Amino acid sequence: MKTKINLFSTELLPPKLILSCQHLAQAVAVMTVIGVVMLLVSHWQVGQLSEQVAHHQTQKTTLQAKVSDMEKQIANRKPDPKLVAQVDLLTERLRVKQLLLEELNRRSTITSDGFASLMTELASVPQQGLWLNKIEVLGQSVSLYGYAIKAENVPRWIDTLKQTDTLKGYAFSAMTMDRDDAKPLAFSLITHPDTKPSAAETGK
C-alpha cells in the first residue's frame, strides 16, 4: 500500500525571468566601464589638442613678431616690393594660424564638455531591457551600438533621447537591427543635427 503521494509538478515552478537583477547589474557595470574608458579617451584627446594649441600659439607669436619688425622696416624706408610681398605672405599665414587656433579651441571644448554631457544624459535616460556597448562621436555625428531584449524598446528609447538637451534637434538617419539565436537583439543608431528647414522657414 502507498503511504506517500508526490504532489510536485513543474507547472508549480515560478516562470524564468528574461531580465533578472543579475543581468541588469551586469548591464550597468558594462555601461559604467564604457563610460570610464570613453572619459579617459576624451581627456587624452583634450591633452593632444592642448599641445597643438600651445604649438600653434607659439608659431602665432613668432609670426606676429616678424610682421611687427617688417612693418617697422617698411615705415623707415620706401617699400621694397619683395618685402611687401613677404609681409603679405606672413600676414596671410598668421590669419590661417588664428583660424586654426580658434578651430582647435572649439574642438577642445566640444571634446571635453560635449562628450561628458552626452554620457551624463545617456545615463539619465535608461531603458529597461536595453543597454549600450559602444559609443562613437565624430564631429557632430553620434553613433550608438547596443543590445535590446525586445525590438519595441529601441523606438521608445529613441523618443526619450530626442528630449535630452544634448540630442535635441538631432535626427536619427540610420538604424539597423540584427538578432542572433545566442544573443539579444543587436542594434546600431547613427544621428546627426537635423538640417531640414523648419515650418516657418519653408513658408518664407
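A brief structural summary.

Reading the values: rules and limits
Residues numbered from 1 in each chain as written. Predicted model: local features only at pLDDT ≥ 70, side-chain atom pairs only at ≥ 80, totals over all residues. Heavy atoms only, no water. Helix = DSSP H or I, 4+ residues; strand = E, 2+ residues; numbered from the N terminus. Buried < 20%, exposed > 50% of the residue type's maximum accessible area, 1.4 Å probe, protein only. Contact = heavy atoms within 4.5 Å. Core = buried A, V, L, I, M, F, W, Y, C linked by side-chain atoms within 4.5 Å.

### What to know about the environment of Leu 94
As for its position among the elements, Leu 94 is in helix H2 (residues 81–124). Accessibility expressed as a relative area gives 12% for Leu 94, which makes it buried. Linking Leu 94 and Val 67, residues 27 residues apart in sequence, is a C-alpha distance of 9.1 Å. Ignoring sequence-local partners within four residues, the contact set of Leu 94 consists of Lys 60, Leu 63 and Gln 64.

### Focus: the side chain of Lys 60
Mapped onto the fold, Lys 60 is located in helix H1 (residues 21–76). For Lys 60, a relative accessible area of 16% gives the class buried. Residues within four places of Lys 60 in sequence aside, it is in contact with Leu 94, Gln 98 and Leu 101.

### What about the nonpolar core?
Side chains that are nonpolar tend, in soluble globular proteins, to be buried together. Judged by nonpolar contacts, the single largest core of 19 residues is most densely connected at Leu 122, Leu 144, Trp 157, Leu 161, Phe 187 and Leu 189. Elements with a contribution of two residues or more to this core: H2, strand E1 (130–138), strand E2 (141–148), helix H3 (153–161), strand E3 (170–179) and strand E4 (185–193). The element that contributes the greatest number of residues to this core is H3, accounting for four residues. Not counting the four nearest positions on each side in its chain, Phe 187 is found in contact with Leu 130, Trp 131, Leu 132, Leu 144, Tyr 145, Gly 146, Tyr 147, Ala 148, Val 154, Trp 157, Thr 176 and Met 177. Residues Val 67, Val 87, Leu 90 and Leu 94 belong to the second largest nonpolar core, which totals seven residues.

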